[in-house]
Amino acid sequence: TIPFPFPYVQMITVMLLLHWIVTPLIASQCIQSVWGAGAFCFFVTAAFWSPIFIARELDMPFGTDDNDLPVVEEMEIFNEKLVVLLHPSTQSRPQYKHK
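Note that the structure is predicted; figures quoted are calculated from it, not measured.

(A) View of a nonpolar patch on the surface. Together, Leu17, Leu18, Trp20, Ile21, Val22, Leu25 and Ile26 make up a nonpolar patch on the protein surface, roughly 680 Å² of accessible area in all. Inspection of the secondary structure assignment puts Trp20 in helix α1 (residues 6-30).

Laid out in C-alpha cells, this is it:
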C-alpha cells in the first residue's frame, strides 16, 4: 500500500486547527445571536473534522477498535469452510443425468 504523505496530513491538521480558532471570531462578528453563532461554529467545525476522522478509520481498518474489521473471526470461518472441503463427500462431483 502507498502511505498518505505525512506533510500533507500535517498541513491539513494545521489548517483545520486554524479554522477551529478563526471560525468563532468571524461568527461573533457576523451573527447577532450567541446561540446561533455557537451552533454555526459547532456544525461547521464538525463538518470539516468528520471526514478526517472517517479517513483515519478507513486508512487502518484492522485492529482492536469497535469499528475495525473482525479479521480473526473471518479467518476462523474461512478455515472451517476449508476443512469442510477436505471431507471425502465433497471430493467427488455430482452425477447429472442428461436427457
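(B) Summary view of the environment of Ala37. Following the sequence through the fold, Ala37 ends up in helix α2 (residues 34-59). Residues Ala37 and Pro24, 13 residues apart in the sequence, show an inter-C-alpha distance of 7.3 Å.

(C) Quick look at the packing of aromatic side chains. For the structure shown, the criterion picks out two aromatic pairs. Ring plane angle 75° and centroid distance 5.2 Å describe the contact between Phe42 and Phe43, whose orientation is recorded as edge-to-face. We classify Phe42 as exposed; its relative accessible area is 54%. Residue class for Phe43 comes out exposed when judged on its relative accessible area of 56%.

(D) Seen up close, the side chain of Thr23. Looking at the element boundaries, Thr23 is found in helix α1. Among the residues examined, Thr23 registers a relative accessible area of 9% and is labelled buried. A polar contact is formed between the side chain of Thr23 and the backbone oxygen of His19, at a distance of 2.6 Å. Excluding residues within four positions of it along the chain, Thr23 makes contact with Phe40 and Cys41.

(E) Here's a closer look at the side chain of Thr45. Note on placement: Thr45 falls in helix α2. A residue is classified by how much of its surface remains accessible, and Thr45, at 10% relative accessible area, is buried.

Calculation rules
- Residues numbered from 1 in each chain as written.
- Predicted model: local features only at pLDDT ≥ 70, side-chain atom pairs only at ≥ 80, totals over all residues.
- Heavy atoms only, no water.
- Patch = residues over 30% accessible without salt bridge, like charges linked within 9 Å, V, L, I, M, F, W, Y side chains within 5 Å.
- Areas by Shrake-Rupley, 256 points an atom, 1.4 Å probe, with all protein chains shown as cover.
- Salt bridge = Lys/Arg side-chain N within 4 Å of Asp/Glu carboxyl O.
- Helix = DSSP H or I, 4+ residues; strand = E, 2+ residues; numbered from the N terminus.
- Phe/Tyr/Trp six-rings, centres within 6.5 Å; stacked < 30°, edge-to-face > 60°.
- Buried < 20%, exposed > 50% of the residue type's maximum accessible area, 1.4 Å probe, protein only.
- Polar contact = N/O pair within 3.5 Å; in protein donor to acceptor, adjacent residues only side chain to side chain.
- Contact = heavy atoms within 4.5 Å.

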